[in-house]
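Read off the chains here:
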Amino acid sequence: MKPTNTSITLAPMTTLRISDGLIKDDVLVVGLVSTNTKGGLAIESGEYGLNTENIVVALSEMGATGKVDEVTKFPGGPTRMLVFTGLGKQSSEYGHETLRRAAGAAARTLTGTSSATFALPSSDLDSLSAIAEGVALGAYVFTEFKGTSKSENKNALKSATIFSSLGSKGEAKDIVTRAKIIAQYTHLVRDLINTPPSHLTPDSFTRKLVAEIRSAGGVKVGLRSTVWDDKQLKSQGFGGIVGVGQGSANPPRLLHISYTPKVKAHKRYALVGKGITFDTGGLNLKPGIGMERMKSDMSGAAAICAATIAIAQLGLPIAIEAWAPLAENMPSDTATRPSDVITIYGGKTVEVLNPDAEGRLILADALVKAQASKNNLDGIIDVATLTGAQVVALGTRTGAVMTNNQEFSEKFLAAAQLAGEQFWPMPLPVELRASLDSPVADLANIGEKNGGMLVAGLFLKEFVSDALPWLHIDIAGPAYNEGKAHGYTPVGGVGIALRSIVRLVEAG
Ligand code: BES
Ligand code: MN
Ligand code: ZN
């Protein structure tokens, strides 16, 4: 079967600016909070003076509470429409993530609107930055695959002004630029996740990324890419990627993106991302109910590739080696059978007891290749929608971090905290390792059921040098939002891990 040729077009980005001039936009967004008095409400409009007395009474009568994620709209005010976005309890200072979410929640409800001014409390540049990010992240729609009903779908908010007197300062310009880059590449991750597997194959994934690298400036910004096709993967010994991909008519690929900064790199990180464009479970076929979620099984690959381009666009002084092993996990007469033995890049053999534990197989190849290609790495991070056990353990909004290096893990968690992404550290208990022993090969691809997320981490640990700081990030839960949209997070692809990785690199 011929793989479908696809081009994914990015939705146009929201124009973003910072200004405290006369408001010319159609909509004014302000914060709404609950006060200490019972049922009391107050408006938080930052530096913008809004006469609020009557409005607060009306809002209260309408049943508004100022709770986080509550957005109330009404016509009138200094613009055509006033939008109140909940900031929770009144405070002298609002957390960055509270502001990011409130700005995002409002932007999300403003599809179809052409322009809006956001007047929210921002005491410092970091708050302003969070608001800018929230607006840009919230202004997202995915209508690529709407056919005859496309015209019924509204566009994302076109133009946003953040009301602040910092508008003329150089720092403000940097804030806007950074927010745009973060949002543009988060949107790329979301688009890739949301693109159905009929249109996103290992091959089309690499083409899309190569095109993105080109439009980002390519070698001019220090970005280079290399793609291995199925023949090369086979002849060069990538037994994990080949074994997982061999059941599909859409052959596997390995994508490498490198970023070399203009200045001498302060550090060099390798990023590895799981790129299963669809996970049926292979011959260990998954149940039909919920299988559609498995179009998101390439979220890790999308996040690390997009993060690398974002880091290049920001011109950060850290070198990145990104590796995305890509395959479609399908059942067929050519698929890997339970009990087959494959040889991972570098020579370790694995008995595939369960073809549905495929992510660790393609990641093992890529982890070994990443370490073999550069001997001066300062750290290696893999990002993967790896286990259902991750979702059981931490739910749908929090990712897991496992490591061989406490300091590196703490550094990542601190970056994630600043980025407003939820991650939690998990152990790699040695006693679980023996459950991965195989009577015929070096390792089996499944072990003890209990603590399945940790067992998967221990499997990957076998392919990483103890001397190299390593993080294994399981995002099975938070990569894809099957619930309601909230804050700046839409339904479907979320784009998690990109912001934490960029922050980690920004931290130096
Ligand atoms: N892609 C899945 C993990 C997953 C599950 C991601 C739910 C997102 C939501 C992975 O390839 C998988 O199938 N893992 C198995 C491993 C098991 C066979 C050891 C699982 O978690 O059931
Ligand atoms: Mn699987
Ligand atoms: Zn999978």
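One can find the structure itself at the top, above this paragraph.
All chains use their own residue numbering, which begins from 1 and follows the written sequence. All chains are assigned letters beginning with A, and all ligands numbers beginning with 1, in the order in which they are written. Per-residue local features of the predicted model are confined to residues with pLDDT of at least 70, and side-chain atom pairs are confined, for both listing and counting, to 80 or more; whole-chain, interface and lining totals are unaffected and use all residues. Calculated side-chain values reflect all of the structure's heavy atoms, with hydrogen atoms and water omitted.

A. Local environment of empty space enclosed by the protein. Cavity: a set of points on a 1 Å grid over the protein atoms alone where a 1.4 Å probe fits but cannot get out. Pocket: an open set with protein on both sides within 12 Å along at least five of seven lines, its lining residues, like those of a cavity, having an atom within 4 Å of a point. Grid points are joined across faces, edges and corners, and a volume is the space filled by probe spheres set on the points. Tallied over the entire structure, the rule returns 3 cavities of 30 Å³ or more. Space inside the largest cavity adds up to approximately 90 Å³. Put simply, DSSP H or I for four residues or longer makes a helix, DSSP E for two residues or longer makes a strand, and each gets a number counted from the N terminus. The biggest single contributor to the lining of the largest cavity is helix α7 (residues 239-245), with 3 residues. Residues that form the lining of the largest cavity fall into these classes: 7 nonpolar, 5 polar and 1 charged. Residue type decides the class: Asp, Glu, Lys and Arg count as charged, Ala, Val, Leu, Ile, Met, Phe, Trp, Tyr, Cys and Pro as nonpolar, and the leftover types, Gly among them, as polar.

B. Main features of the nonpolar core. One finds Tyr-185, Phe-205, Ile-320, Phe-412, Phe-423, Ile-473 and Ile-501 to be the most contacted residues of the largest nonpolar core, which totals 58 residues. Looking at this core, the element that brings in the most residues is helix α8 (residues 299-314), giving 11 residues. Other than its neighbours up to four places away in sequence, Ile-473 contacts Ile-381, Asp-382, Val-383, Ala-384, Ala-400, Val-401, Phe-412 and Phe-423. Core analysis: the next-biggest nonpolar cluster, separate from the first, contains 47 residues, Ile-241, Trp-323, Ile-344 and Ile-380 among them. In plain words, nonpolar cores are sets of buried Ala, Val, Leu, Ile, Met, Phe, Trp, Tyr and Cys residues tied together by side-chain atoms within 4.5 Å. Exposure categories follow from relative accessible area, calculated using a 1.4 Å probe and restricted to protein chains: below 20% of the type maximum is buried, above 50% is exposed, and the middle band is partly exposed. The contact criterion used throughout is that any non-hydrogen atoms of two residues lie within 4.5 Å.

C. Inspection of the coordination of the manganese ion (ligand 2) at higher detail. In this structure, Asp-279 (OD), Asp-356 (O), Asp-356 (OD) and Glu-358 (OE) serve as the protein donors to the manganese ion (ligand 2), at separations of 2.1 to 2.2 Å. If you look at the manganese ion (ligand 2), its 6 donor atoms make angles of 69 to 166° with each other, and the shape they trace is irregular. A separation of 3.3 Å is found between the manganese ion (ligand 2) and the zinc ion (ligand 3), which share Asp-279 as a coordinating residue. Assessed through its relative accessible area of 1%, Glu-358 is described here as buried. In this description, a donor is an N, O or S atom within 2.8 Å of the metal centre, a cutoff extended to 3.2 Å for sodium, potassium and calcium. Water is not part of the atom list, which can make sites seem incomplete. Here the metal geometry follows the donor angles, with tetrahedral for four donors whose angles all fall between 85 and 135 degrees, square planar for four and octahedral for six when opposite donors are more than 155 degrees apart and every other angle is between 65 and 115, and irregular for all the rest.

D. Region of the structure containing the pairing of strand β6 (residues 115-119). Counting buried positions along β6 yields 5 of 5 residues, so the element is predominantly enclosed. Side chains of β6 alternate between two faces, with Ser-115, Thr-117 and Ala-119 and Ala-116 and Phe-118 buried alike. Strands pair, by our definition, only if DSSP identifies at least two bridges between them. Sheet topology note: the strand β2 (residues 27-34)/β6 ladder contains 4 bridges and is parallel. When the bridges of β6 are listed, Val-27 appears paired with Ala-116.

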